[in-house]
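Each chain is listed here by its residues.
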Amino acid sequence: MPKCKIIQEAQNCSQWFILGDHPDVTGFNSPFQEKCRLCGEDMSAHGWIDLSDSDESSPVCPGDWILTNARGHVSTWSDIAFKKVFKLC
Ligand SMILES: [Zn+2]
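Residues numbered from 1 in each chain as written. Predicted model: local features only at pLDDT ≥ 70, side-chain atom pairs only at ≥ 80, totals over all residues.

### What about the sheet that holds strand 4 (residues 57-60)?
Now for step 1: Spatially, the three strands line up as an open sheet ordered 2-3-4, and their pairing is antiparallel. Strands at the two margins of the open sheet, each flanked by one partner only, are strand 2 (26-27) and strand 4. (Pairing = 2+ DSSP bridges. Helix = DSSP H or I, 4+ residues; strand = E, 2+ residues; numbered from the N terminus.)

### A look at the sheet that holds strand 1 (residues 12-15)
Note on sheets: strands pair through backbone hydrogen bonds, and any given pair is parallel or antiparallel.
Now for step 1: Pairing is antiparallel across the open sheet formed by three strands, whose spatial order is 1-5-6. The sheet is open, and its two edges are formed by strand 1 and strand 6 (74-77), each paired on a single side. Between one strand axis and the next, the sheet turns through 20 degrees on average, direction left out of account.
Now for step 2: Strand direction decides the pairing type here: strand 1 and strand 5 (residues 65-68), joined by four bridges, are antiparallel. Within strand 5, the residue paired with S14 across the bridge is I66. (Axes fitted to C-alpha atoms, helices over the stretch in contact; angles between N-to-C directions.)

Structure representation (structure tokens):
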């Protein structure tokens, strides 16, 4: 049986670490001093971004990748997930 794989267009991508790394990421203002359940860092070290496929904002962990395709669709990926799916080109 033949096999196939997805051919994807190149997307703009940048790895986010701190405010100012990406124009769409804003500061995370949490009244709580809590740790992130995904990465374990203080939530104060995180950012917020509006995702294209949702009306809600999503937290951005330090080290997450932010991808924007040719149609302006924005998505976020953890560093581990990004490296499983994408290669820099
Ligand atoms: Zn986090």
